[in-house]
Structures are given as structure tokens and as C-alpha cells.
Amino acid sequence: MKKIIATIIFSLISSLSFGFQCGPDKSEEEKFKEAKSVLLFQVVATELKTTEFDGQEIGYSQATYRLIESFKGSEEKEGKVVEVLGYGTGLVGLIPGIYYLAFVGERNEYVKYPWLTICDVELSTFNIEGAEFEEKLEKIRSLK
């Protein structure tokens, strides 16, 4: 009986972890080309919001950010992005104080601001002065 319960629990956890798929792996060059904007920003505030989608109310986090560097697209010093909350949504976990390097796509019909998923975020950190982060920024700068 314990083995059956363990198998069921493992199956449920496994299915939740695969609820969101990024699709085929793309190079940074491909992501850069497809993105509307490529930005390094720091989240300064988040706000919980809701919207109607397919007859249901869904929650999302609307994050206000401060632009650190634009590699492509938007040059606005402050902007907003959103992420849908829930299992299988590609949740980024936008947190005030954290820096994000993101390939930002288009707005969609349900929210006013661009929607980010974990597939859009190349790196996130609380310290942008690290060697790994600087190496990644140099690679992205070379794609301009």
C-alpha cells in the first residue's frame, strides 16, 4: 500500500513539474532576434492582479522595473512586465530587488504589459557584478 501511495505522489509531482514546457532549445542569437526587447532590469515593486481568461479569473503578478540596460527595443527608464501565477504557467518569481536579464515579447490581449515566463529569463541575480553575469552581458551586447 505504501508503494502505491508513493507511486501516486511521485506521478503527481512529476506531472506538475512538466506542466510548462519552453519548447525546442534556442540559441541566444535566435532568442535575441525573436524578442521585441532584450532588457537588464531590477524589479522595484510587484502587485497582485486578476483578469478574466476563458471564463475563469486568473491571478498574475504585475512587476514594475527600473531599466539598467537595454540591448534591444524599449529604452524606457521604468516599465512593467507580468507573470501568470499557478502551476504550469512558467512562473518566473519576479521579486523586488532582483535583477533580470530577459528576452521580452509582445503584449497579449489579456494583460496590458509584456508577459514573461521562465523561458524568457536568461539570468536572475541579486548582484549584477559577478563574473558569470558580466560574461553573459558581454555576449548579449555582442548581438546588437
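All of these numbers come straight from a predicted model, not from anything done at the bench. Position labels on residues start from 1 in each chain and follow its written sequence. Whole-chain, interface and lining totals are the exception, using all residues; otherwise, since this is a predicted model, local features are given only for residues with pLDDT of at least 70 and side-chain atom pairs are given and counted only at 80 or more. Side-chain numbers come from the whole structure's heavy atoms, not from hydrogens or water.

Section: the side chain of S61
Then comes step 1: What counts as a helix is a DSSP run of H or I of at least four residues, what counts as a strand is a run of E of at least two, and both are numbered from the N terminus. Relative to the helices and strands, S61 is located in strand β2 (residues 56-72).
Then comes step 2: Note on contacts: a residue pair is in contact if any heavy atoms of the two residues lie within 4.5 Å. If near-sequence neighbours (up to four positions away) are discounted, S61 is found in contact with T46, E47, V81, V82, E83 and L85.

Describing the sheet that holds strand β5 (residues 121-125)
Then comes step 1: Read from one edge to the other, the open sheet built from 5 strands follows the order β3-β2-β1-β4-β5, with strand pairing classed as antiparallel. Two strands close off the open sheet at either side, each with one partner strand: β3 (78-84) and β5. For this sheet, the mean inter-axis angle between neighbouring strands, taken without regard to orientation, is 35°.
Then comes step 2: For two strands to count as paired, DSSP must find a minimum of two bridges between them. Summarising the sheet, β2 and β3 pair through 7 bridges and their orientation is antiparallel. A fitted line through C-alpha atoms represents every axis, and for helices the fit uses only the stretch in contact; the resulting angles, taken between N-to-C directions, go from 0 to 180 degrees.

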